[in-house]
Amino acid sequence: MTDGPRRRGAERTDAIMLATLELGREIGYARLSIEAVAARAGVGKHTIYRRWPSKGALLLDSLLSLNEPSLDYPDTGDIAADLRAQIYAAVDLLGGPPFGPLFQALVGEAQHDRQIAVTLNERFIAPQADKTVARLKAARDQGQVAPDFDLELAMAILSGPLYFQLLITQEPLTHEYVDRVLGALFAGLRPS
């Protein structure tokens, strides 16, 4: 019997996050409100505010509920192919509709809300960076990456152009662009 309230709470949380994503796609982040989410999810707005202090925090949790399994790295023994596969998945998820504009809005919100920035970094940016560096370390151990290449710098070089294109120029993130970034990175990463 103790599972009943916990299960209902989880179902309510899922309904709230689904409503957030649906409304965000329909009307955009700027017009998204806790009141509209509450109405769509069939809950009171106080139920939402008990779990999330702001619409930015709610959107962050809602977006993060989507992508955790799909952004893991494969390990086929070919670092370039593995990076390509993972980055393609990230670009496909966050680089365009339906979730790209919401992710862009969330990163924008993080510039004004310190807690959103910290949470976004702790729960998405840093874990993804750690996965990338871990995959690069494995490749270095397999002799696919120069032994003296700074792997943290490789991560920054790899992600910088993608975020620049997504957030600053707002040009489409394409697989071809990812290939160009990887080509430039691997010109310096490969062992001599």
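Before reading on, note that the structure itself is shown above.
The paragraphs below set out a description of the structure included in this document. (Residues numbered from 1 in each chain as written. Predicted model: local features only at pLDDT ≥ 70, side-chain atom pairs only at ≥ 80, totals over all residues. Heavy atoms only, no water.)

1. Notes on the pattern of salt bridges
So, point 1. Enumeration over the complete set of coordinates arrives at 7 salt bridges.
So, point 2. Here R123 makes a salt bridge to D61, at a shortest N to O gap of 2.2 Å. Here R123 is found in helix α7 (residues 114-141), whereas its partner D61 is found in helix α4 (residues 55-67), with 62 residues between them in sequence.
So, point 3. In this structure, R84 engages D179 in a salt bridge whose closest nitrogen and oxygen atoms are separated by 2.8 Å. Pair noted here: R84 is in helix α5 (residues 79-94) and D179 is in helix α9 (residues 175-189), with a separation of 95 residues, a long-range link.
So, point 4. Several salt bridges converge on common partners, so that one network encompasses E22, E26 and R40. (Salt bridge = Lys/Arg side-chain N within 4 Å of Asp/Glu carboxyl O. Helix = DSSP H or I, 4+ residues; strand = E, 2+ residues; numbered from the N terminus.)

2. Comments concerning the nonpolar core
So, point 1. Ranked by size, the top nonpolar core spans 60 residues in total, and within it I16, V37, I48, L83, I87 and L120 carry the most contacts.
So, point 2. Here the element with the most residues in this core is α5; it accounts for 9 residues. (Core = buried A, V, L, I, M, F, W, Y, C linked by side-chain atoms within 4.5 Å. Buried < 20%, exposed > 50% of the residue type's maximum accessible area, 1.4 Å probe, protein only.)

3. Structural notes on unusual backbone geometry
So, point 1. The residue after P97, namely P98, is reached through a cis peptide bond having omega 0°.
So, point 2. Relative to the helices and strands, P98 resides in the loop between α5 and α6 (100-110).

4. Describing the packing of aromatic side chains
Where two aromatic rings form a pair, the distance of their centres and the angle of their planes describe that pair.
So, point 1. Evaluation of the coordinates by the stated rule reveals 2 aromatic pairs.
So, point 2. Ring centres of F103 and Y163 lie 6.5 Å apart, and the angle between their planes is 40°; this geometry places the pair in the tilted category. Taken as a pair, F103 in helix α6 and Y163 in helix α8 (residues 151-169) lie far apart in primary sequence, 60 residues in all.
So, point 3. Y163 gets classed as partly exposed once you look at its relative accessible area, which sits at 29%.
So, point 4. Through a chain of ring-to-ring contacts, the aromatic side chains of F103, F124 and Y163 assemble into a single cluster. (Phe/Tyr/Trp six-rings, centres within 6.5 Å; stacked < 30°, edge-to-face > 60°.)

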